[in-house]
Amino acid sequence: MKQQPSLPQQVKIVEVGPRDGLQNEKEALSAAVKIELVDRLTQAGFANIEAASFVSPKWVPQMATSTEVMAGIARRPGTIYSALTPNMQGFEAALLAKADEVVIFGSASEAFSQKNINCSIAESIARFEGVAKAAKDDGLRLRGSISCAFGCPYQGEVPLDAVADVVGRMRDLGCDEIDIADTIGVATPRKTQAVMARAIEAFHVGGLSGHFHDTYGQALANIYASLELGIAIYHSSVSGLGGCPYAKGATGNVATEDVLYMMNGLGIATGIDLDLVVDASQFISQPLGREGSSRAGNALAAKRTAACR
Ligand code: HMG
Ligand code: MG
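Below is a short write-up of the structure. (Residues numbered from 1 in each chain as written. Chains lettered and ligands numbered in written order. Predicted model: local features only at pLDDT ≥ 70, side-chain atom pairs only at ≥ 80, totals over all residues. Heavy atoms only, no water.)

## Points about the overall build of the chain
Counted only if it meets this: In this text, helices come from DSSP runs of H or I with a minimum length of four residues, and strands from runs of E with a minimum of two, each type numbered from the N-terminal end. Based on C-alpha atoms, the radius of gyration is set beside the globule rule, defined as 2.2 Å times the residue count to the power 0.38. The cut-offs for exposure are 20% and 50% of the maximum accessible area for each residue type, with area from a 1.4 Å probe on protein chains only; residues under the lower value are buried, those over the upper are exposed, and the others partly exposed. Any two residues whose heavy atoms approach within 4.5 Å at even a single point are treated as in contact. Only the protein chains shown count as covering a residue, and every accessible area follows the Shrake-Rupley method with a 1.4 Å probe. Lys and Arg are tallied as positive, Asp and Glu as negative. Neither His nor the chain termini are counted. By convention, the charge on Lys lies at NZ, on Arg at CZ, on Asp at CG and on Glu at CD.
Counting secondary structure elements, the chain contains 12 helices and eight strands. A globule of 309 residues ought to have a C-alpha radius of gyration of about 19 Å, and the chain, at 18 Å, matches this closely. For the chain, the spread of C-alpha atoms along the principal axes amounts to about 60 × 55 × 35 Å. Sorting the 309 residues of the chain into buried and exposed places 56% on the buried side. The long-range fraction of contacts in the chain, counting pairs at least 24 apart against all pairs at least 6 apart in sequence, stands at 76%. Entry remark: accessible area of the chain is about 12,900 Å², with carbon and sulfur atoms responsible for 52%. Distance between charge centroids for the chain: 2 Å, based on 27 positive and 33 negative side chains.

Put into structure tokens, the structure is as follows:
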């Protein structure tokens, strides 16, 4: 029988719903609701929650309450609360808000870079230099996120060399972690492994994370394909919230409940209580006025209802 690749025994799940999820919701939720969502996720045991984004409120109005959210959350010691910071203005706000980690976000696609952050890839890296240095000087963790690593809504194909090049630039800026993002959810497992293999060559496997949107229903398969390469950090969004305002038609991140259900089944430790994530999903569904999109989450919720009858 062919030898199966061994999978990591434990993974870190970064919950990005409060940022990637809510940035794309039509309903502008109050800071109080966002704070309760983050607190519920903290209680569920996440070691890393992306809670805020210090970007222009004209570009992403949903994130305008980030300062209030960061001030209101009940932090658990040891949990990393991250914030997106596209420039020094964002960094200063994140520092004042006591973010533990700042996220610089670039792209492997020129076209997407222009649409998302209004500058070329090279200009973005130059902009990030100041943020990276300031983060190091202030003792904050630094994460780099690379959009459109598997395909772009504007330019289509994104060459592997382009991904490897941006991974190298983020590495040189001193990133502790680098996210390889499927912004529009187009990747399939073999493509995922091809991109991830190049990223591993350019960085190191322990510092890479998979950020998969689930537009074409491939995210879990792509996570499994990444696990086979030893990648042990994944981003997901409670209830499958999310999308990206600059990638029309892209749906949310892979749902956290689905990822946890798969990890539990594989015997891979996450340290997160799936039942409490289902509670958090039901909580956020109310103000959004719709059921969450997690298959596992909805099945578990239905089982609870049946058990109560
Ligand atoms: P710009 O217009 O080129 O910047 O925006 P600017 O420096 O010329 O400033 C213009 C105005 O924005 C000024 O205000 C600045 O003060 C203000 P005005 O004088 O006109 O009143 N401004 C800011 N305000 C608050 N916080 C700031 C900030 N910076 C400037 N940090 C900028 C450049 C990057 C700021 C803008 O394009 C922007 O905010 N874009 C938003 C991009 C974004 O948030 N996208 C979604 C997140 S990325 C994502 O979802 C992908 C990811 O999930 C991975 C994946 O799935 O691919 C991470
Ligand atoms: Mg995203």
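Moving on from the model shown.
## Overview of the coordination of the magnesium ion (ligand 2)
Using the following cut-off: Ligating atoms shown are N, O and S within 2.8 Å of the metal, or 3.2 Å for Na, K and Ca, and water is not included, meaning a site may look less than complete.
Donor atoms from the polypeptide that coordinate the magnesium ion (ligand 2) comprise Asp20 (OD), His211 (NE2) and His213 (NE2), at 2.1 to 2.3 Å from the metal. Taken in chain order, the donor set of the magnesium ion (ligand 2) reads D-x190-H-x1-H.

## A few points about the nonpolar core
Note the cut-off: Buried residues of nine kinds, namely Ala, Val, Leu, Ile, Met, Phe, Trp, Tyr and Cys, make up a nonpolar core once their side-chain atoms join them within 4.5 Å.
Counting residues in hydrophobic clusters, the biggest one holds 89 residues, and the most contacted among them are Met70, Val167, Ile178, Ile180, Ile223 and Met263. What Ile180 contacts, discounting residues up to four positions off in sequence, is Ile146, Ala149, Phe150, Val167, Val195, Met196, Ala199, Leu208, Ser209, Gly210 and His211.

## Things to note about the pattern of salt bridges
As a reminder of what qualifies: Put simply, a salt bridge is a Lys or Arg side-chain nitrogen that is within 4 Å of an Asp or Glu carboxyl oxygen.
Taken as a whole and assessed by the stated rule, the structure comprises 19 salt bridges. Close ionic contact of Arg19 with Glu50 constitutes a salt bridge, the shortest N to O distance being 2.6 Å. With a gap of 31 residues between them, Arg19 in helix α1 (residues 17-21) and Glu50 in strand β2 (residues 48-53) connect regions that are remote in the sequence. In this pair, the class of Arg19 matches that of Glu50, namely buried. Residue Arg304 pairs with Asp275 through a salt bridge whose shortest N-O separation is 3.5 Å. Taken together, the residues Arg304 in helix α12 (residues 295-308) and Asp275 in helix α11 (residues 274-288) connect sequence positions 29 residues apart. Its relative accessible area of 26% is what places Arg304 among the partly exposed residues. Residue Asp275 is classed as partly exposed on the basis of its relative accessible area, which comes to 43%. Connected through salt bridges with shared partners, the residues Lys12, Arg19, Asp20, Glu50, Glu101, Arg141, Arg143, Glu177 and Asp179 form a single ionic network.

## With respect to helix α8 (residues 189-202)
Note: α-helices contain 3.6 residues per turn, so residues at a spacing of three or four share the same orientation. The following threshold applies: Expected helix span is taken as 1.5 Å per residue step, with the number of steps being one fewer than the number of residues.
With 14 residues, α8 ought to run about 20 Å at 1.5 Å a step, and its terminal C-alpha atoms sit 20 Å apart, in line with that. For α8, the complete set of buried residues consists of Thr192, Gln193, Val195, Met196, Ala199 and Ala202. Looking at the buried positions of α8, the neighbouring elements they touch are α7 (160-172), β6 (177-182), β7 (208-212) and α9 (219-228).

## Looking at the side chain of Asp20
To be explicit about the condition: Two N or O atoms count as a polar contact when they lie within 3.5 Å, although within protein this holds only if one can serve as hydrogen donor and the other as acceptor, and sequence-adjacent residues are included solely when both atoms are side-chain atoms.
Relative to the elements of secondary structure, Asp20 occurs in helix α1. At 3.3 Å, the side chain of Asp20 forms a polar contact with the side chain of His213.

## Brief notes about the site of ligand 1
The line we're drawing: Here a residue is near a molecule or strand as soon as one of its heavy atoms is found within 4 Å of it. Gly falls in the polar group here, along with every residue not listed as nonpolar (Ala, Val, Leu, Ile, Met, Phe, Trp, Tyr, Cys, Pro) or charged (Asp, Glu, Lys, Arg).
Taken together, 27 residues lie around ligand 1, and Asn87, Asn116, Asn118, Ser147 and Thr183 are the ones closest in. Contacts to ligand 1 include Ser56, whose backbone N or O atom sits 2.9 Å from an oxygen atom. Gln89 places a polar side-chain atom, nitrogen or oxygen, 3.3 Å from an oxygen atom of ligand 1. The set of elements that each furnish at least two residues to the shell around ligand 1 consists of α1, α4 (88-96), α5 (110-117) and β5 (141-147). Residue composition of the shell around ligand 1, grouped by class: 11 nonpolar, 12 polar and four charged.

## Quick word on the sheet that holds β6
Where we set the bar: Only when DSSP finds a minimum of two bridges between them are two strands counted as paired. Lines fitted to C-alpha atoms define the axes, with helix axes restricted to the stretch in contact, and inter-axis angles between N-to-C directions lie between 0 and 180 degrees.
Within the closed barrel, the eight strands sit side by side as β1-β2-β3-β4-β5-β6-β7-β8. Their pairing is parallel. Adjacent strand axes in the sheet meet at a mean angle of 25° when their direction is disregarded. Here two bridges tie β7 to strand β8 (residues 233-236), and the two strands are oriented parallel to one another. Looking at β8, one finds that Gly210 is bridged to Tyr234. The strands touched by helix α2 (residues 31-44) are β1 (12-15), β2 and β3 (80-84); relative to β2, the strand with the most contacts, the crossing angle is about 165°.

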